[in-house]
Amino acid sequence: MAPEGFASAAGDGKTALLDGPTAVKLMDEGKLTSVELTRAYIARIAALNKSGPGLNAVTQLNQDALKDAALLDKERREGHVRGPAHGLPGLRVDGNDFL
């Protein structure tokens, strides 16, 4: 469950705007899950990338992102946290096209 004032999944878009330390703190407190955060990021990418301003900045999404997030949530519930960024979605930048 997302904290008060934040959308579960991606509702109003606030969840995708959390900074990393705040998101981790909320996950540690059980107020946010990696799945919710990942859904929020996917929704924000969709809103900005293809529609809205049409940035086209994200060219590929991990098709297993939600499955991976669910696994990380399960690990957190079981007390296994891999490191300080456990459960945070990531975005890899491909710098090959830069001049």
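Residues numbered from 1 in each chain as written. Predicted model: local features only at pLDDT ≥ 70, side-chain atom pairs only at ≥ 80, totals over all residues. Heavy atoms only, no water.

## Section: the overall build of the protein chain
Consideration 1: Broken down by element type, the protein chain carries 3 helices and 0 strands.
Consideration 2: In the protein chain, the succession of helices and strands from N to C terminus is α-α-α.
Consideration 3: Expressed as a percentage of the 99 residues in the protein chain, the buried residues total 28%.
Consideration 4: The contacts in the protein chain between residues at least 6 apart in sequence include a share of 54% that link residues at least 24 apart. (Helix = DSSP H or I, 4+ residues; strand = E, 2+ residues; numbered from the N terminus. Buried < 20%, exposed > 50% of the residue type's maximum accessible area, 1.4 Å probe, protein only. Contact = heavy atoms within 4.5 Å.)

## With respect to the side chain of Thr 38
Consideration 1: With respect to the helices and strands, Thr 38 occurs in helix α2 (residues 34–49).
Consideration 2: Overall, the relative accessible area of 7% leaves Thr 38 in the buried class.
Consideration 3: Thr 38 has contacts with Ala 65, Leu 66, Ala 69 and Pro 89, leaving out every residue within four places of it along the chain.

## Notes on the pattern of salt bridges
A side chain with one charge can pair with a side chain of the opposite charge if their charged atoms come near.
Consideration 1: Evaluation of the coordinates by the stated rule reveals 5 salt bridges.
Consideration 2: Between Lys 25 and Glu 29 there is a salt bridge whose closest N-O contact spans 2.7 Å.
Consideration 3: A relative accessible area of 48% places Lys 25 in the partly exposed class.
Consideration 4: One network of salt bridges, with partners in common, ties together Lys 25, Glu 29 and Lys 31. (Salt bridge = Lys/Arg side-chain N within 4 Å of Asp/Glu carboxyl O.)

## Focus on helix α1 (residues 20–28)
Because an α-helix completes one turn every 3.6 residues, residues spaced three or four positions apart along the sequence face the same direction.
Consideration 1: Among the residues of α1, Ala 23, Val 24, Leu 26 and Met 27 are the ones counted as buried. Projected onto a plane normal to the axis of α1, the buried residues spread over an arc of 160 degrees and lie on a single side. Across from the buried face of α1, at angles greater than 90 degrees, the exposed residues are Pro 21 and Asp 28.
Consideration 2: Looking at the buried positions of α1, the neighbouring elements they touch are α2 and α3 (65–77).
Consideration 3: The residue sitting at the N-terminus of α1 and contributing the capping side-chain oxygen is Asp 19; that oxygen lies 2.8 Å from the backbone nitrogen of Thr 22.
Consideration 4: Just beyond α1, the residue with positive phi is Gly 30, at close to 75 degrees. (Arc of directions from axis to C-beta. Polar contact = N/O pair within 3.5 Å; in protein donor to acceptor, adjacent residues only side chain to side chain.)

## So, the nonpolar core
Consideration 1: Grouped together as the largest cluster of nonpolar side chains are 7 residues: Leu 18, Ala 23, Val 24, Leu 26, Met 27, Leu 32 and Leu 37.
Consideration 2: If we ignore the near neighbours within four places in the chain, the residues touching Met 27 are Leu 32, Thr 33, Ser 34, Leu 37, Arg 76, His 86, Gly 87 and Leu 88. (Core = buried A, V, L, I, M, F, W, Y, C linked by side-chain atoms within 4.5 Å.)

## A short note on the layout of surface pockets
Consideration 1: Considering only enclosed or pocket space, the largest pocket measures out at about 1100 Å³ in volume.
Consideration 2: Forming the walls of the largest pocket are 31 residues, and the residues nearest its centre are Val 58, Gln 60, Gly 90, Leu 91 and Arg 92.
Consideration 3: Residue contributions to the lining of the largest pocket peak at 8 residues, all from α2.
Consideration 4: Per-class residue counts for the lining of the largest pocket are 17 nonpolar, 9 polar and 5 charged. (1 Å grid on protein atoms, 1.4 Å probe; cavity = no way out; pocket = protein on both sides within 12 Å on 5 of 7 lines; lining within 4 Å. Points joined across faces, edges and corners; volume = space filled by probe spheres on them. Nonpolar A, V, L, I, M, F, W, Y, C, P; charged D, E, K, R; others polar.)

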